[in-house]
Amino acid sequence: VQLVESGGGLVQAGGSLRLSCAASASNFIITTMGWHRQAPGKQRELVADISSGASSANYADSVKGRFTISRDNGKNTMYLQMSSLKPEVTAVYYCNAMGRDMSGYQTDYWGQGTQVTVSS
């Protein structure tokens, strides 16, 4: 499974960014996908995740109302629309994909991360 994030960058406070995570997988069924972030000196934390059919999503309290997670299974791509950005969301954002292989073994994979920097 390969996960490739894009869309990060430098933006001023109040601005917006949209992150993308393109997934490629063979002999692996991707179920829940999510975005996590890690700021310098802090632990990695969940930002939002979304079910396989995009019927349900969960958000960290700190981003509710400002971030929206979505996925397009036809394109094998997940998105994170981030609005009203604040400097405190500056971090490396990672894509995560959970799923199972053909034998039913469940595991997850991570992307390489994309830097999001919000200036004040």
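Residues numbered from 1 in each chain as written. Predicted model: local features only at pLDDT ≥ 70, side-chain atom pairs only at ≥ 80, totals over all residues. Heavy atoms only, no water.

1. A closer look at the overall build of the chain
Part 1 of the argument: Of the regular secondary structure elements, the chain holds zero helices and eleven strands.
Part 2 of the argument: For the chain, the α and β elements follow one another from N to C terminus as β-β-β-β-β-β-β-β-β-β-β.
Part 3 of the argument: Relative to the 2.2 N^0.38 estimate, which gives 14 Å for 120 residues, the radius of gyration of the chain is 14 Å and therefore close to what a compact globule would have.
Part 4 of the argument: Considering only C-alpha atoms, the chain reaches an extent of 50 × 30 × 25 Å along its principal axes.
Part 5 of the argument: Looking at the chain as a whole, 38% of its 120 residues are labelled buried. (Helix = DSSP H or I, 4+ residues; strand = E, 2+ residues; numbered from the N terminus. Rg over C-alpha atoms; globule rule 2.2 N^0.38 Å. Buried < 20%, exposed > 50% of the residue type's maximum accessible area, 1.4 Å probe, protein only.)

2. Description of the packing of aromatic side chains
Part 1 of the argument: Considering all chains together, one arrives at one aromatic pair under this definition.
Part 2 of the argument: Arranged with centres 5.2 Å apart and planes meeting at 85°, the rings of phenylalanine 28 and tyrosine 109 form a pair that is edge-to-face. Remark: tyrosine 109 occurs in strand β10 (residues 106–110) and phenylalanine 28 occurs in strand β4 (residues 28–38); sequence separation between them is 81 residues.
Part 3 of the argument: Judged by its relative accessible area of 10%, phenylalanine 28 falls in the buried class.
Part 4 of the argument: Of the residues examined, tyrosine 109 reaches a relative accessible area of 30% and is grouped as partly exposed.
Part 5 of the argument: Above the plane of the ring of tyrosine 94 lies arginine 44, whose end atom (NZ or CZ) is 3.7 Å from the centre.
Part 6 of the argument: The side chain of arginine 44 reaches across the aromatic face of tryptophan 110, ending 4.6 Å from its centre. (Phe/Tyr/Trp six-rings, centres within 6.5 Å; stacked < 30°, edge-to-face > 60°. Lys NZ or Arg CZ within 6 Å of the ring centre and 35° of its normal.)

3. Observations regarding the environment of tyrosine 59
Part 1 of the argument: Along the chain, the position of tyrosine 59 falls in strand β6 (residues 57–59).
Part 2 of the argument: In this structure the side chain of tyrosine 59 is engaged in a polar contact, spanning 2.9 Å, whose partner is the backbone nitrogen of isoleucine 69. (Polar contact = N/O pair within 3.5 Å; in protein donor to acceptor, adjacent residues only side chain to side chain.)

4. Section: unusual backbone geometry
Part 1 of the argument: For asparagine 76, which is not glycine, the phi dihedral falls at a positive 55°.
Part 2 of the argument: Mapped onto the secondary structure, asparagine 76 falls in the loop between β7 (67–72) and β8 (77–82).
Part 3 of the argument: When its relative accessible area of 44% is taken as the criterion, asparagine 76 is described as partly exposed.
Part 4 of the argument: Of note in this structure, serine 84 is not a glycine but carries a positive phi near 50°.
Part 5 of the argument: Mapped onto the elements, serine 84 comes out in the loop between β8 and β9 (91–101).

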